[in-house]
Every structure is written in structure tokens, then in C-alpha cells.
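# Structural characterization, general
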Amino acid sequence: MSLKEKIEQRTARIGVIGLGYVGLPLAVEFSRAGFDVTGFDVDAAKVDALNAGRSYIGDVKAEDIAAQVMAGKLRATTDMSTLKQIDAVDICVPTPLRKTKDPDMSFVVAAAEQIAKYLHPGMLVVLESTTYPGTTAEVLQPMFEATGLKVGHDFYLAFSPERVDPANEKFTTRNTPKVIGGTTPACSEVATALYATAIDTVVPVTSTQVAEMVKLLENTFRAVNIGLVNELALMCHRMNINVWEVIEAAGTKPFGFMPFYPGPGLGGHCIPIDPFYLSWKARQSGFECRFIELAGQINGSMPLFVVERISEALNTRKQAINGSRVHVFGVAYKKDVSDMRESPALDIIELLHRRGALVSYTDPYVPTLELEHGQLNLTSIAECEAGPDIDCAVICTNHTAFNYKAIPGRFPLVVDSRNALKNIDAENVFRL
Ligand SMILES: NC(=O)c1ccc[n+]([C@@H]2O[C@H](COP(=O)([O-])OP(=O)(O)OC[C@H]3O[C@@H](n4cnc5c(N)ncnc54)[C@H](O)[C@@H]3O)[C@@H](O)[C@H]2O)c1
């Protein structure tokens, strides 16, 4: 039976490699679409949690995992040899940057090496990890074809970028349109048929390179626009204009404007990282991505600007950062999530610590923090425990759980990097 027929009849066995923010919801969605799904991860704790019907990702409900596990449709393993029984596999492993801002492809290559070992006729492989244009054709295809099997004839290969937006209640894996580009038309056809079973809208494009570039355009668009409003915030501060009021008023234009907001800097696994995958690759063709570099510089300077605002706030009371008690509200990279990857709050805490501040923090999603290579270990305290000895509070992440109305009255100084105290007019509040 062909893979397409197996997909139509839901008898195709699906594999998902990397059970993180992207892979776990995808595995659950394929399972709910009626397939038998096996998740693969090198992290035994995640494998055990999934098999026990527990969730470790905020957007995935434990009961949804448990229902599929109990029905015998979903399981996880660290044993990669199970790949030989899989008909279609998705790669959802990390794609970080090296310190030099070069792509770190080691996770993708490690996953592909495992697949190559067990690649068999009729198998479909889809890369979902965000990466530079050309990865599927230049890295994966040669590894798989070295087995003697030919793409488009013996096996299928495609790229489909993940668009998951953690904590977004409206758009989830199922109702976020999914772009797919196959190596050959046959690859596109099979991959599109598979995703159409689990995703409401599938958007086929003509090549893996286009699909790879789509994702990088989306994330570069955000990085550059955030860079623009962050520069506007720096400019407005010098000119003594309220940048938040400017953006809110501009946002009333019903066409041709889309509001982006300044903040303490970029965080998360995508926006601060992905554009550099593109600039790295473009440089190989002799092209310098100036917008990406500029946005990176401006966004990267924001934590220092927040520290400057703290310094200015303390200065109004003839205090210095050195020796002051500074309490940080929110250390996750965005509202209502526990993900701290690349969070600007971590930079802010380190900058404050190096300047001699005594830093404490509250984050209901992040119980402990290890910073400065293990030299600075902090434990989140309850909001009500942040005591009267605090000199300055800083809102780094605007979690819904914080009692914003009470904050200006409880601390002598407040620096608000998110405009979380938008409707509160108090003299001790310093906005970005
Ligand atoms: N998190 C997001 O919001 C998001 C959104 C869109 C795209 N992406 C992209 O999706 C990819 C995955 O991101 P994520 O946030 O899900 O990462 P993650 O770190 O949450 O999950 C990745 C998982 O892969 C596992 N893993 C690593 N190497 C492995 C290997 N060789 N074999 C099996 N498992 C392995 C890790 O243990 C981890 O559980 C990245 O390329 C990322 O840029 C992420």
C-alpha cells in the first residue's frame, strides 16, 4: 500500500523526533487525527512524562495526552531503532546559535543520522525545526540519499515550518495554517496529504527553500519591527515623549499600520535567533542583511537601557544601583509562559548584579534561577513577600498573575519595561 493510501486510511505510523514546545503538540494532534504516533526524545524525563499522561508544556493539556496514551494511539521512547516501523517522521529538535552567531545544526544532524540508519522505501521525512534556506536540500537530502534510496522515488522529503505561539489561546497547532514545501512534487503531495489530516489549512509552496525562507521572513519581520519600536522608545525617551501613547494612537489607523511594542529586549527560541540563521546563509552568497544586524544591535541593547532607567529612577532619590535592593517582576521571556530561553530579564539581573545591586525576583512560572555560571542562584519569592526594604521594583515580564494596581503603592520606585501599569498615573513609575 502506498504512503498516501496509508495516510488516507489513518494506518500510517507517525514519528515525531523532539518532544518540546513544537513536537509535543504536533504528536498529540496527529494522534487525535487518528494515527498511531510515537514520539522520540533523548530526554528520558519527557518520554516518561508523556507515557504517564503528564504534560510539561503549558499549551498542551495533560488530559489530551492521557486520552491518547490510554487509547494506545500515542507513546514515547528514547529508542531510535523504533524508527524502522515509522512511515512518516517529523523532526522538531532545537536549532540554536553558537556563541559566534553561527547556526548550530548538531541536533538536526544527530536526528537525521538516526533517520538515515532506519530510512526505508516509502518513508516520509519532514523537517520542522527553524533553519536557514537550503538545509533540507544541502544537509538532509545528501545524508538520506547516501543510503542508496532516491528522494521523490524511494522516499519523500519536505520542510514545514512550525508557527507555534506559546500561550496563544486563539491560534494553536491545529488552526494555524501550515506551509509545506517538498523536495519534489511527489514529496509535496504526500506531505500535504499528511498534514491536511491534522491541520485545518495547509499552504503548499514549490520548494523546501521557499518554505524555509517563509519562516525566516516571518521571524525577521517581527525582529525588525520590534527593533524599530525599540529605537523609537530610545528616541522618545530623549525627546521626552511617551512612546506608548504614540503607538496606541498610531494603532487607531485602520489600514497600513500594525502596532509593535518596545520592551526589555527579545527573548525565546525564535525571534532573537532565527534571523541570524538567514544572515549567516546570505553572507555565503556575498549578501549582508543590514536590517537584521541593525535590529539585532538595537534589540540587544534594550536590557542595558532598562538598567539605565533603573539607575535614573534611583538617582531621583540620591541612590546608586550599587547596594540597592532591586526586585524583578517576571523573568520568563514572555507573559504567562515558563520558557526563559534568551529572556532579557536574565541579562538585566546579571547587569544589576555586576553593578552591586541586591536582586530578588517573583515569577510564578520560574521557581529558581541559576545565573553568572552558577555564581548567582536565586529563588522566586511570592509577590506579597517582596518586602518594604526594596528600593526599586522592575517589571520585566507582564504576567497576568501580578497585582499591578498594588505595585506603585508598595515600592518607592517602579521601572515598567512593558507598560503593564498603563492606566496607573503615579510619580514613582518610570516607563521605558
Ligand atoms: N518554541 C517555539 O515557540 C517555536 C516556534 C516555532 C518554531 N520553533 C522551532 O522548532 C524547533 C524546536 O523548538 P522547541 O521550542 O520545540 O525546542 P525544545 O527544546 O522545546 O524541544 C526540542 C526537543 O528535542 C529533543 N532533542 C534534542 N536532540 C534530539 C535528538 N537528537 N533526538 C531526539 N530528541 C532530541 C530535546 O530533548 C527537546 O525535548 C526549533 O528549531 C525552534 O526554533 C520553536
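Quick look at the structure, then. (Residues numbered from 1 in each chain as written. Predicted model: local features only at pLDDT ≥ 70, side-chain atom pairs only at ≥ 80, totals over all residues. Heavy atoms only, no water.)

Of all ten residues making up helix H2 (residues 23-32), nine are buried, and the element is well covered by its neighbours. Restricting attention to buried positions, one finds in H2 the residues Gly23, Leu24, Pro25, Leu26, Ala27, Val28, Glu29, Phe30 and Ser31. Directly beyond the C-terminal end of H2, a positive phi value near 110 degrees is found at Gly34. (Buried < 20%, exposed > 50% of the residue type's maximum accessible area, 1.4 Å probe, protein only. Helix = DSSP H or I, 4+ residues; strand = E, 2+ residues; numbered from the N terminus.)

A word on the pattern of salt bridges. The final tally for this structure, using the stated rule, is 22 salt bridges. Glu29 is the partner of Arg32 in a salt bridge, and the nearest nitrogen-oxygen pair spans 3.8 Å. With Arg32 and Glu29 both in helix H2 and three residues apart, this pair spans about one turn of that helix. A relative accessible area of 45% means that Arg32 is categorised as partly exposed. Look at Glu29 and you get buried, because its relative accessible area is 10%. The salt bridge partner of Asp104 is Arg98, with a shortest N-O separation of 3.4 Å. A relative accessible area of 11% means that Asp104 is categorised as buried. The exposure class of Arg98 is partly exposed, given its relative accessible area of 42%. (Salt bridge = Lys/Arg side-chain N within 4 Å of Asp/Glu carboxyl O.)

This paragraph deals with the packing of aromatic side chains. Under the definition given, this model contains nine aromatic pairs. For the pair Phe30 and Tyr195, a centre-to-centre distance of 5.5 Å together with 65 degrees between the ring planes defines the contact as edge-to-face. Note that Phe30 is positioned in helix H2 and Tyr195 in helix H7 (residues 185-196), a separation of 165 residues in sequence. Across the pair, exposure class does not vary: Phe30 and Tyr195 are buried alike. The interplanar angle of 85 degrees and the centroid separation of 6.0 Å between the aromatic rings of Phe402 and Tyr404 together place this pair among those described as edge-to-face. By relative accessible area, Phe402 is classed as buried at 5%. Since its relative accessible area comes to 15%, Tyr404 is described here as buried. An aromatic cluster of at least three residues, connected via ring pairs, comprises Phe329, Phe402, Tyr404 and Phe411. Across the ring face of Phe276, the terminal group of Lys101 is positioned such that the distance to the ring centre comes to 4.5 Å. (Phe/Tyr/Trp six-rings, centres within 6.5 Å; stacked < 30°, edge-to-face > 60°. Lys NZ or Arg CZ within 6 Å of the ring centre and 35° of its normal.)

Another point: the side chain of Ser417. Locating Ser417 in the fold gives a position in the loop between strand E14 (414-416) and strand E15 (429-431). A polar side-chain atom of Ser417 sits 2.6 Å from the main-chain carbonyl oxygen of Ile395. Setting aside residues up to four positions removed in sequence, Ser417 forms contacts with Trp244, Pro262, Gly263, Pro264, Val306, Ile395, Cys396 and Leu432. (Polar contact = N/O pair within 3.5 Å; in protein donor to acceptor, adjacent residues only side chain to side chain. Contact = heavy atoms within 4.5 Å.)

Here the focus is the site of the ligand. Close to the ligand lie 28 residues, the nearest being Val22, Asp41, Lys46, Thr95 and Thr130. Between the ligand and Val22, the relevant distance is 2.9 Å, taken from an oxygen atom to a main-chain nitrogen or oxygen of the residue. Contact between the ligand and Thr130: an oxygen atom at 3.0 Å from a main-chain N or O atom of the residue. Relative to its unbound accessible surface of 830 Å², the ligand loses 92% to contact with the protein. If you tally residues by element for the shell around the ligand, the top one is helix H5 (residues 106-118), at three residues. The residue makeup of the shell around the ligand, split by class, is 16 nonpolar, six polar and six charged. (Near = heavy atom within 4 Å. Areas by Shrake-Rupley, 256 points an atom, 1.4 Å probe, with all protein chains shown as cover. Nonpolar A, V, L, I, M, F, W, Y, C, P; charged D, E, K, R; others polar.)

A grouping of Met235, Met239, Ile241 and Val246 is seen on the molecular surface, where their side chains present a nonpolar patch of about 340 Å² in accessible area. Among the structural elements, Met235 can be located in helix H8 (residues 208-239). (Patch = residues over 30% accessible without salt bridge, like charges linked within 9 Å, V, L, I, M, F, W, Y side chains within 5 Å.)

Because side chains alternate across strand E12 (residues 376-379), one face comprises the buried residues Leu376 and Leu378, and the other comprises Asn377 and Thr379, none of which is buried. The loop that links strand E11 (residues 368-371) with its antiparallel partner E12 comprises four residues; one of these, Glu372, has a positive phi angle of about 50 degrees. (Pairing = 2+ DSSP bridges.)

Right, let's get into the sheet that holds strand E9 (residues 325-329). Taken in spatial order, the five strands line up as E10-E9-E13-E14-E15 in an open sheet, and their pairing is parallel. Whereas interior strands pair on both sides, the edge strands pair on one side only; in this sheet they are strand E10 (358-362) and E15. Mean inter-strand twist for the sheet, computed between neighbouring axes without regard to direction, equals 20 degrees. Two elements, E9 and strand E13 (residues 392-395), share four bridges in a ladder whose sense is parallel. Along E13, the bridge assignment pairs His327 with Ala393. (Axes fitted to C-alpha atoms, helices over the stretch in contact; angles between N-to-C directions.)

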